[in-house]
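Commentary on secondary and tertiary structure
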Amino acid sequence: MTTVEIEYCVPCGHLDRAQDLQEELLTTFGRDLESVALVTEDGGTFRVHVDGESVFDVDEEAYDADAIVDRVRDRL
């Protein structure tokens, strides 16, 4: 089974974005995912990992939920 981790910056207020993405992934993929974990960080962090492999980092590109969902889909 596939695991997803969403690392997000607490002081930056990224909780809502992290929760929205978590819900989108669980709604889209349901039982194909073992878990979608929210991991607290700081320093502006917003990253997504699938089975330990980075698929998104806000330091490298603009946030796009649809693109992240597609990247998760590619790894299922």
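The structure under discussion appears in the preceding block.
About the cut-offs
Residues numbered from 1 in each chain as written. Predicted model: local features only at pLDDT ≥ 70, side-chain atom pairs only at ≥ 80, totals over all residues. Heavy atoms only, no water. Helix = DSSP H or I, 4+ residues; strand = E, 2+ residues; numbered from the N terminus. Contact = heavy atoms within 4.5 Å. Salt bridge = Lys/Arg side-chain N within 4 Å of Asp/Glu carboxyl O. Buried < 20%, exposed > 50% of the residue type's maximum accessible area, 1.4 Å probe, protein only. Pairing = 2+ DSSP bridges. Axes fitted to C-alpha atoms, helices over the stretch in contact; angles between N-to-C directions. Phe/Tyr/Trp six-rings, centres within 6.5 Å; stacked < 30°, edge-to-face > 60°. Lys NZ or Arg CZ within 6 Å of the ring centre and 35° of its normal.

To continue, consider the environment of His 49. Summarising the element assignment, His 49 is placed in strand β3 (residues 46-50). Along the primary structure His 49 and Glu 34 are separated by 15 residues, whereas in three dimensions their C-alpha atoms are 13 Å apart. Every residue in contact with His 49, bar those within four places of it in the chain, is listed here: Thr 3, Val 4, Glu 5, Glu 7 and Ser 54.

So, about the pattern of salt bridges. Should their charged atoms come close, side chains of opposite charge can pair. According to the stated counting rule, one finds five salt bridges in the structure shown. Here Arg 47 ties to Asp 57 by a salt bridge, and the two come within 3.3 Å at their closest N and O atoms. With Arg 47 in strand β3 and Asp 57 in strand β4 (residues 53-57), the pair connects residues that are ten residues apart, well separated along the chain. Overall, the relative accessible area of 24% leaves Arg 47 in the partly exposed class. Under the relative-accessibility criterion, Asp 57 is labelled buried at 11%. Arg 71 is paired through a salt bridge with Glu 61; the nearest N and O atoms lie 2.9 Å apart. With Arg 71 in helix α2 (residues 65-74) and Glu 61 in the loop between β4 and α2, this pair connects stretches of sequence that are ten residues apart.

So, on to the pairing of β3. Across the five residues of β3, four count as buried, placing the element largely inside the fold. Of the pairings in the sheet, the one linking strand β1 (residues 2-9) to β3 comprises five bridges and is antiparallel in character. Looking at the pairing, Val 4 lines up with Val 50 of β3. Strand direction decides the pairing type here: β3 and β4, joined by four bridges, are antiparallel. Looking at β4, one finds that Val 50 is bridged to Glu 53. What sits between β3 and β4 in their antiparallel hairpin is a turn of two residues, with Asp 51 showing a positive phi close to 50 degrees.

Turning to the sheet that holds strand β2 (residues 33-41), a few remarks are in order. As summarised here, the arrangement of the four strands in space is β2-β1-β3-β4, forming an open sheet in which the pairing is mixed. This sheet does not close on itself; its edge strands, each paired only once, are β2 and β4. Strand after strand, the sheet turns through a mean of 20 degrees between neighbouring axes, direction not considered. Of the strands in this sheet, β1, β2, β3 and β4 are in contact with α2, which crosses β4 at around 170 degrees.

A complete count under the given rule lists three aromatic pairs for this structure. Between Phe 46 and Phe 56 the ring centres are 6.2 Å apart and the planes differ by 70 degrees, which places this aromatic pair in the edge-to-face class. On the criterion of sequence distance, the pair formed by Phe 46 in strand β3 and Phe 56 in strand β4 is long-range, its members being ten residues apart. You'll find Phe 46 and Phe 56 in the same group, each marked buried. Each ring, one from Phe 46 and one from Tyr 63, has its centre 5.4 Å from the other, and the planes form 90 degrees; the classification is edge-to-face. Here Tyr 63 lies in the loop between β4 and α2 and Phe 46 lies in strand β3, a separation of 17 residues in the sequence. We classify Phe 46 as buried; its relative accessible area is 0%. Residue classification places Tyr 63 among the partly exposed positions, given a relative accessible area of 25%. Ring pairs connect the aromatic residues Phe 46, Phe 56 and Tyr 63, which therefore count as one cluster. Positioned above the aromatic ring of Phe 46 is the side chain of Arg 17, whose terminal nitrogen or guanidinium carbon lies 5.7 Å from the ring centre. Across the ring face of Tyr 63, the terminal group of Arg 17 is positioned such that the distance to the ring centre comes to 4.1 Å.

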